[in-house]
Amino acid sequence: MHKNKHLQHIIGFVLLAAASPAIHAQSDGNISFPAKPIRIVVAFAPGGSLDLISRMISPKFSEYLGQQVIIDNRPGASGNIGSELVARATPDGYTLLNVTLPFVVNPHLVARAPYHPANDFAAIGMICVSPSLVTVHPSVPVHNINDLLALARARPGQINYASAGIGTNPHIAGELFNHLGKAKLVAVHFKGGGPGLIAAMSGEVSATFTNIAETSGFVRARKLRAIAVTSPRRSPAFPELATVAESGLPGYEFVTWFGPLAPAKTPPRVITLLNDNLRKTLTTPEVAKLFSERGLDIVTSTPEEFAAHVKKESERWGGVVRERGMRAE
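Presented here is an overview of the structure given in this document.

### What to know about the side chain of N80
By the secondary structure assignment, N80 is in helix 4 (residues 80–87). Overall, N80 belongs to the buried group, its relative accessible area being 10%. Residues contacting N80, with those up to four places away along its chain left out, are N106, V110, P114 and Y115.

### Considering helix 5 (residues 102–109)
Across the 8 residues of helix 5, 6 count as buried, placing the element largely inside the fold. Of the positions making up helix 5, those classed as buried are P102, F103, V104, V105, N106 and L109.

### Brief notes about the pattern of salt bridges
In the structure shown here, the tally under the stated rule is 10 salt bridges. The partner of R39 in a salt bridge is D72, and the shortest N-O contact between them spans 2.8 Å. Taken together, the residues R39 in strand 3 (residues 38–42) and D72 in strand 4 (residues 69–73) connect sequence positions 33 residues apart. The partly exposed category is assigned to R39, whose relative accessible area is 25%. In this structure D72 comes out as buried when scored by relative accessible area, which is 15%. Taking the shortest distance from any N to any O, the salt bridge between E84 and R88 comes out at 2.8 Å. Classification of R88 by relative accessible area gives exposed; the value is 66%.

### Looking at the environment of I166
Relative to the elements of secondary structure, I166 occurs in the loop between strand 8 (160–163) and helix 7 (169–181). With 60 residues separating them in the primary sequence, I166 and N106 have C-alpha atoms 8.1 Å apart.

### Considerations on unusual backbone geometry
The peptide bond linking F33 to P34 adopts the cis configuration, its omega dihedral lying at -5°. Of note, P34 is situated in the loop between strand 2 (31–32) and strand 3. Despite not being glycine, K182 has its phi angle at roughly 50°, a positive value. Relative to the helices and strands, K182 resides in the loop between helix 7 and strand 9 (186–189). According to the relative accessible area criterion, K182 is exposed, its value standing at 70%. The backbone of K265 sits at a positive phi, close to 75°, despite the residue not being glycine. Within the secondary structure layout, K265 lies in the loop between strand 12 (255–263) and helix 10 (268–282).

About the cut-offs
Residues numbered from 1 in each chain as written. Predicted model: local features only at pLDDT ≥ 70, side-chain atom pairs only at ≥ 80, totals over all residues. Heavy atoms only, no water. Helix = DSSP H or I, 4+ residues; strand = E, 2+ residues; numbered from the N terminus. Buried < 20%, exposed > 50% of the residue type's maximum accessible area, 1.4 Å probe, protein only. Contact = heavy atoms within 4.5 Å. Salt bridge = Lys/Arg side-chain N within 4 Å of Asp/Glu carboxyl O.

In C-alpha cells, the structure reads:
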C-alpha cells in the first residue's frame, strides 16, 4: 500500500512536470528555463512608448513562459543607464532590455557610449513598428502642419516641443521636422515620453512628436490636438489624420521599431525559447487587437532578422549623426 502511494506521487510529479510551462519550456539536466521571474528593463520613465509596449505584452508573455515578467524602469542619460545595466547583467535570460531607436543612435552621439549595440547584446525578436503623432496643446492656434511651420518660422526659437531625451524618438522626429521645414522649434528634454506628454498637456511645451501608442488616448480625450501622423501613409487608428508629408512637408517620414534584447553570450537555446514565446504572445487575438487599437503594427521576426535590423539601423542613423554633426550636449 505504501509502495502504491509512493508510485502515485512519482507519476503525479511526472505529469505535473510535463504540463508545467516552466519545466517543459527548456531543460538541460536539472536546470530549467525559466525557473524564476524575468525582468524586462525599460531605460526610460513610465508612460512612454517603450514602457507602454512592454506592459502590453507582459501578461501574455508571462502566461506562455510560465513565469512572471516584471517591467523595471531605469531612466536616465537618454537610455544609456538602463542599457548599460543589461549589457553587464548575467547572460542567463532573466534580464532583458526592450529597445527602440535611441538604443542605436546614442552610441553615435556620445564620445564614449557605455555599450555597443551589436557586441554587447543578443537579439530576441521584433515586436512592432509604429509612427508618431504631431500634437499641440489645445490652446496653441495650430490645426495642421502648415500652421505649425508658419508659427515656428514667425517665432524662431520661441516655440518648444517635448523630447524624451537627447537622441530619443521625439527628439529625432522633431529635429527632422526642423531640418526639412527650415524651422527652429526648441527641444525641451525630459526623462522619458511620459513626463514629456505631461508637460505638453499642461501647456509647459507647445508641441510633441510622440509615439502614437502613448499619445492616442490623450488625443481622443482632447487633452492634446493631433495635427498629423509621421508615417508615409495614414494610420488606420486615425484615418482622418493627414501625414506630415501630405499636409505641408513633403519627404518627411518617421517610423520607429521596438524589440527585446538579452546580454551577449546568452545561451542560444534561451534566445530561441524567448523568441518562440514572444511570437506566440504577439499572435494571440487579444494582443493583436490591443496593438491595432493603438496604431501599432506587429512585426514578428527571428533573432537573426532582428539582429540584422538593429545593425542596419545603427549604420543608417550613424550616418545621419555624422552628416549633420549632431552631438550630445
